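The residues making up each chain are set out below.
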Amino acid sequence: MRIRFGQFVLDLGTRELLHRGKTAEVSPKAFRLLEILLERRPEAVSKEDLQNLLWPSVFVAEGNLSRLMNEVRKAIGDDAEKPRFIRTVHGFGYAFSGAAETDGTPSKPAASGVIFKLYW
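Along each chain, residues carry numbers from 1 onward, in the same order as the chain's sequence is written. With the structure being a predicted model, the display of local features is reserved for residues of pLDDT at least 70 and the display and counting of side-chain atom pairs for 80 or more, all residues being used for whole-chain, interface and lining totals. Hydrogens and water are ignored here; the side-chain numbers use all heavy atoms of the structure.

## Observations concerning the overall build of the protein chain
To qualify as a helix, a DSSP run of H or I must reach at least 4 residues; to qualify as a strand, a run of E must reach at least 2; elements of each kind are numbered from the N terminus. Each helix and strand counted, the protein chain has three helices and eight strands in total. Each helix and strand of the protein chain, ordered N terminal to C terminal, gives the series β-β-β-β-α-β-α-α-β-β-β. Here's how the labels work: a residue is buried when its accessible area is under 20% of the maximum for its type, exposed when over 50%, partly exposed in between, all with a 1.4 Å probe on protein chains only. Expressed as a percentage of its 120 residues, the buried residues of the protein chain come to 36%. Only heavy atoms matter for contacts: two residues are in contact if any of them lie within 4.5 Å across the pair. Taking all contacts inside the protein chain whose residues are at least 6 apart in sequence as the whole, residues at least 24 apart take part in 52%.

Below you can see the structure in the form of structure tokens.
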């Protein structure tokens, strides 16, 4: 499944963030954070819920979530002061507030002309 917003596509099948068709580099945790916010849009997600989903059964300082959010914002060209996509809900958490659409488009097809054979 793919989720499109602005000039970006979050491809859940290939686990890639694409910007104008090219892979944008994000860490696995940053990808997961963006995925959670997009899945729950337009709801605000508490910092506590995000920490539990990103780091289950592990105590992490709140600053880790802030650093991860900065990584996501940098990757998608968003600004905390004038957000296009991710809104800070002060004293609570974050929400994806930009326009996004989900389609059932399958992930990237396998490269054409590539054939794999297994000989036993």
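## Side note on the sheet that holds strand β3 (residues 16–19)
DSSP calls a pair of strands paired once it identifies at least 2 bridges connecting them. Read from one edge of the open sheet, five strands run β4-β3-β2-β1-β8, paired in antiparallel fashion. On the outer flanks of this sheet lie β4 (22–24) and β8 (101–103), each paired with one strand and no other. In this sheet, neighbouring strand axes are inclined to one another by 30 degrees on average, regardless of whether the strands run parallel or antiparallel. As paired elements, β3 and β4 share three bridges and run antiparallel to each other. Directly across from leucine 18, in β4, lies its bridge partner threonine 23. Angular values range over 0 to 180 degrees, each being the angle between N-to-C directions of two axes fitted as lines to C-alpha atoms, with helices fitted over their stretch in contact. Of the strands in this sheet, β1 (2–5), β2 (8–11) and β3 are in contact with helix α1 (residues 28–39), which crosses β2 at around 100 degrees.

## Section: the side chain of glutamine 51
Structurally, glutamine 51 can be placed in helix α2 (residues 47–54). Residue glutamine 51 is classed as buried on the basis of its relative accessible area of 17%.

## Regarding the confidence of the model for the protein chain
A residue's pLDDT is simply how confident the predictor is in it, with values from 0 to 100. On average, the protein chain scores 87 in pLDDT, and the residues at 70 or more come to 86%. In the model, residues 106–115 has pLDDT below 50 throughout and makes ten contacts with residues more than four positions away in sequence or in other chains.

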